Amino acid sequence: MKKIAILLVVWVMGMGLKAQSQTGGTITGTVTHEEKGVEAITVALLQAKDSAVVKIELSNHRGNFEFLNIKAGKYLLSFSGVGYQEKHTAVFDLNEGEARHMGTMALTVAGKELKAVTVTAKRPVIEQKIDKLVVNVDASPTNAGATAMEVLEKSPGIIVNNDGGISLKGKPGVIVMMDGKPTYLSAADLANLLKNTPASAIEQIEIMTNPSSKYDASGNSGIINIKTKKSLKMGWNGSITVGASAGFFPQNSNVYVMPRSQNSINFNYRKNKINFFGNYNPNFNKGRNQLHLVRKFYNEDGSLNSYADQYTTFKGRNNNHNVKLGLDYYISSKDVVGVVVTGFGFFGRPEPLTVSDIYNADGSYQSGLYSTAGNTLKFRNYTANINYKHSFDSTGKELSVDLDYVQYDNVSDMLLNTDTKDKSGSVGNTPVQLKGHLPSNIHIYSFKSDYVHPFKNNMKMETGIKTNYIKNDNLVDYTRLGNEGWVKDARSNHFIYEENINAAYFNINKKFSDKWSAQAGLRVENTNTKGKQLTNDSSFTRHYTNLFPTAFVSYAADKNNQLTVSYSRRLNRPNYEDLNPFTYFLDSLTYRKGNPYLLPQFSHNIELGHTFKSKFITSINYSKTTDVISELLRQNTLEKTTFATRENIAGFRNIGLSVNAPFKWTPWWSTNVFANVFNNRYKGEYNQQPIDLSNTAFMMNVSNTFTISEGFTAELSGFYRSKVVDQMLLMNEMYQMNIGFQKNILKGKSTVRLNFRDPFGWQRFSARSRYADVDVSIQNRWDTRQVSASFTYRFGKSTIAPSRKRSTGVSDELNRAGQSN
């Protein structure tokens, strides 16, 4: 119980800073168009004397807005939104503690030239919207020097396991998208990309637990969309960020310092009919971590045969480059065409060193291995997107088309040296050497088109089609050193996988009254796959078609209380790398193998939510998944080997309760709390033996933001996660705290950030996998204790033009190539 207190430490420490203050006033009102409430209108509270922005809010689904804890003074309100003319109220007085209702502001549709809006306000770290939770990355000082994976790890409801696998509210099978596009990566390659993408390149993270039928059906537990930075400002503008960090890794009597750099350049040119944008992120990373495995082997009668005690120390360094360029051309007020190209390059040299000692059941030493591996990794990704949108009129009727091409080139070269140790522990002088060349190429082609048609009486229809083709060509070429030199190893293989998915969807939304609204949709997906192993001339083909219904019902009891219930059927297809029947070595005794016979898993998801004052969100969720793609371990007692693979061996059930609550204690202190209690249960069969793993877990994220002075803020945040069942693993508790400072300088054009991540070194991973004849304990620690500093300089104008919403047609496929789980 004492460690549960750690999840509250960031709150308790903040409570000590709370001061007595008078209650400020409130300002409320409603934004309408043609006597109907308008959602997502920017309402800015301005000081009357100089029009300086005091605070910004967005209108909710009923058009209502609310400002809390406002000091007495003279103000006016500004209303702006895409497609509407900007409007202002007259100057008004707000008295201390006054509750002032501004009535209704009726908006009118803008002409061909939409007015720009100047915004200087600061976003909150966490924003709760009707259909998603939004994390504003730059708003958190503790994200200075962090990576995309580290930002995800401390985001509400997200759990990251030891291998970088991501789950949401305790449920695996999350689709991770980058700028609305799937990543198509394996879990390992996705983790690698996220660990080498700097937080300074990210604008927002959107978390959606129950997407509509408009989105691909993939993703059992929802979608995480990582939005990279793109400026909306007029003229030339952008930002340059230079950052450095140091991680500290204690080992034996030494403390190793791991340097890193996080740099980014973002630019945008927007004038008349042209918008040209891009960013470039060059980074360097050096890291170290240690993995400890204890593997127990049993005889057929269940008695202990032997056990292996294994330590692997990972040392590595890498350089990576991430670039994006895009161009939008506004042909007319109704037509716009765009082109976006991206590139990512990762060049690394991980060097694991493994010492394995094998003991008899009585504890006496049996034998051991000493392994070193030299690896050279080259990972390249290129994407190209051509998009077009036609707006028929000002009602929102529009047609959009996306053409996408994605290419992944991944090459790994390894040299594994293994020496044996005799009963005395002495290392021999005749190492076994295995050399590997492992290239992988993925090519993805996609076409997507969407049509939106609003009707009278508050009804809207959405429909669309999508088709894609994927070819994945993988080779493993192993050679081993023998008496006659290097000879081909029998574990070499060549596997080609092809896939075609065709989809169509229909979605309709209807607002029946001020209280009732509903949405229903249906998506159909036809999947055709073919896999062939050229080495042994074996192949398989599969064809299947599935329906994926979605439904949402919303009831607004009054202006403060809203209830929603939603249902969706979803699936999760195997990642391309998991289908490759190859062997990937950690050392001579532990490795990973793919499974070409994996089937997709299907889930039913139900969620009931309650929203109070458009801020406090409580939800109850239930999901049931069949044919779960489970990562499991298989052991060979005689050879003392263990390998990880994926199989469809179990069903999964998840039920949970979550609460997200923002608090504004004083004008200078705010807190966001996310808490989640859930129960996971996996039930199935392994080697004709039953598997039944379950537990109830608790997790909590707390973020405190303090305004020390104008332009100077601090953050105290952290998370706690209790023991949780994650597929075949029972992961032990994990917790962390972060402290950060952020200061605007040079008249607001620059920002300096300083961050202390996990300053007390609390965060470590440990777990146990125990089922059938498998009994493995895992401990992993890495350089989580870090100090980071960054400097950002912003140049150009601060006038914001209306934004253009864009999503491409390759959101699911990008995930399965490695950026989803």
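Since this is a predicted model, take the numbers as computed values, not measurements.

About the criteria used
- Residues numbered from 1 in each chain as written.
- Predicted model: local features only at pLDDT ≥ 70, side-chain atom pairs only at ≥ 80, totals over all residues.
- Heavy atoms only, no water.
- Helix = DSSP H or I, 4+ residues; strand = E, 2+ residues; numbered from the N terminus.
- Contact = heavy atoms within 4.5 Å.
- Areas by Shrake-Rupley, 256 points an atom, 1.4 Å probe, with all protein chains shown as cover.
- Phe/Tyr/Trp six-rings, centres within 6.5 Å; stacked < 30°, edge-to-face > 60°.
- Buried < 20%, exposed > 50% of the residue type's maximum accessible area, 1.4 Å probe, protein only.
- Core = buried A, V, L, I, M, F, W, Y, C linked by side-chain atoms within 4.5 Å.
- Patch = residues over 30% accessible without salt bridge, like charges linked within 9 Å, V, L, I, M, F, W, Y side chains within 5 Å.
- Salt bridge = Lys/Arg side-chain N within 4 Å of Asp/Glu carboxyl O.
- Polar contact = N/O pair within 3.5 Å; in protein donor to acceptor, adjacent residues only side chain to side chain.
- Pairing = 2+ DSSP bridges.
- pLDDT = per-residue confidence, 0-100.

Asks: So what's going on with the overall build of the chain? Which residues, and what values?
Replies: Helix and strand counts for the chain come out as five helices and 49 strands. For the chain, the share of sequence-separated contacts (at least 6 apart) that also reach a separation of at least 24 residues comes to 68%. Entry remark: accessible area of the chain is about 35400 Å², with carbon and sulfur atoms responsible for 56%.

Asks: Could you give an account of the packing of aromatic side chains, with specific residues and numbers?
Replies: For the coordinates displayed, the defined rule picks out 33 aromatic pairs. Between Phe548 and Phe602, the ring centres sit 6.4 Å apart and the planes meet at 10°, which makes this aromatic pair stacked. Highlighted residues: Phe548 in strand β32 (residues 538-556) and Phe602 in strand β36 (residues 601-612), separated in sequence by 54 residues. The class for Phe548 is buried, based on a relative accessible area of 2%.

Asks: Can you break down the nonpolar core residue by residue, with the values?
Replies: Judged by nonpolar contacts, the single largest core of 29 residues is most densely connected at Ile691, Met728 and Tyr771. Only β21 (274-298), β37 (616-636), β38 (641-666), β39 (669-686), β40 (689-709), β42 (724-726), β46 (765-771) and β47 (774-782) provide two or more residues apiece to this core. With residues up to four places along the chain from it excluded, the contact list for Met728 reads Ser630, Glu631, Leu632, Ile649, Tyr682, Ile691, Leu693, Arg768, Ser769, Arg770 and Tyr771. Within the second largest apolar cluster, 28 residues are counted, among which are Val406, Tyr576, Phe582 and Tyr584.

Asks: Describe a nonpolar patch on the surface, and please don't skip the residues or the numbers.
Replies: A contiguous nonpolar patch, built from Ile240, Val242, Ile265, Tyr280, Val323, Leu325, Val339, Val341, Ile386, Leu403, Phe447 and Ile465 and spanning about 920 Å² of accessible area, is present on the exposed surface. Where the nonpolar patch is concerned, the elements lending two or more residues are β19 (235-251), β22 (304-330) and β23 (335-348). Considering the arrangement of structural elements, one finds Leu403 in strand β26 (residues 398-421).

Asks: So what's going on with the environment of Asp93? Which residues, and what values?
Replies: Among the structural elements, Asp93 can be located in strand β8 (residues 92-94). Asp93 sits in the partly exposed class, given a relative accessible area of 41%. For the pair formed by Asp93 and Gly73, sequence separation is 20 residues and the distance between their alpha carbons is 5.8 Å. Setting aside residues no more than four positions away along its own chain, Asp93 makes contact with Gly73, Lys74, Glu98 and Arg100. A distance of 2.8 Å separates polar atoms of two side chains, one belonging to Asp93 and the other to Lys74.

Asks: Requested: an account of the pairing of strand β29 (residues 485-488), with residues and values cited.
Replies: Direction of pairing for strand β28 (residues 459-482) relative to β29: antiparallel, over a ladder of four bridges. Residue pairing in the sheet places Gly482 in a bridge with Gly485 of β29. The hairpin turn running from β28 into β29, its antiparallel successor, is two residues long.

Asks: Describe the environment of Ala504, and please don't skip the residues or the numbers.
Replies: Relative to the elements of secondary structure, Ala504 occurs in strand β30 (residues 493-511). A C-alpha to C-alpha distance of 5.7 Å links Ala504 and Gly464, two positions 40 residues apart in sequence. If sequence neighbours within four positions are ignored, Ala504 has contacts with Gly464, Ile465, Leu522, Arg523 and Val524.

Asks: Before we move on, could you go through unusual backbone geometry and cite the residues and values that matter?
Replies: Peptide bonds are, in most cases, trans, and in most cases residues other than glycine have a negative phi. One non-glycine residue, Lys640, lies in positive phi territory at about 60°. Relative to the assigned elements, Lys640 resides in the loop between β37 and β38. For Gln727, which is not glycine, the phi torsion reads 55° and is therefore positive. Mapped onto the secondary structure, Gln727 falls in the loop between β42 and β43 (729-731). For Gln727, a relative accessible area of 10% gives the class buried.

Asks: Tell me about the pattern of salt bridges, and name the residues and values.
Replies: Enumeration according to the criterion identifies 20 salt bridges in this entry. The partner of Asp216 in a salt bridge is Lys466, with the nearest N and O atoms 2.8 Å apart. A residue pair is termed long-range when its members are at least 10 positions apart, and Asp216 in the loop between β17 (202-208) and β18 (222-228) and Lys466 in strand β28 qualify at 250 residues. Residues Asp783 and Arg260 are paired through a salt bridge, measuring 2.6 Å at the closest nitrogen-oxygen approach. Taken together, the residues span a long stretch of sequence, with Asp783 in the loop between β47 and β48 (785-796) and Arg260 in strand β20 (residues 254-271) at a distance of 523 residues. In this structure Asp783 comes out as buried when scored by relative accessible area, which is 3%. With relative accessibility at 14%, the residue Arg260 sits in the buried group.

Asks: Before we move on, could you go through the side chain of Arg260 and cite the residues and values that matter?
Replies: A distance of 2.6 Å separates polar atoms of two side chains, one belonging to Arg260 and the other to Asn285. A polar contact is formed between the side chain of Arg260 and the side chain of Asp783, at a distance of 2.6 Å.

Asks: How would you summarise the environment of Asn580 if you had to cite specific residues and measurements?
Replies: Examined against the element boundaries, Asn580 turns out to sit in the loop between α4 (576-579) and β34 (583-585). Residue Asn580 is classed as buried on the basis of its relative accessible area, which comes to 1%. Separated by 104 residues in sequence, Asn580 and Val476 place their C-alpha atoms 9.9 Å apart. In contact with Asn580, other than residues within four places in its own chain, are Asn472, Asn474, Phe495, Gly594 and Asn595. At a separation of 3.1 Å, a polar atom in the side chain of Asn580 contacts the side chain of Asn474.

Asks: Quick rundown of the confidence of the model for the chain? Include the residues and the values.
Replies: Model confidence for the chain is summarised by a mean pLDDT of 84, while 87% of its residues fall at 70 or above. Low confidence marks residues 1-22, where pLDDT is under 50. Its contacts with residues over four positions away, or in another chain, come to 44 contacts. For residues 111-121, every residue scores under 50 in pLDDT, and the model assigns this stretch 20 contacts once sequence neighbours within four places are set aside.

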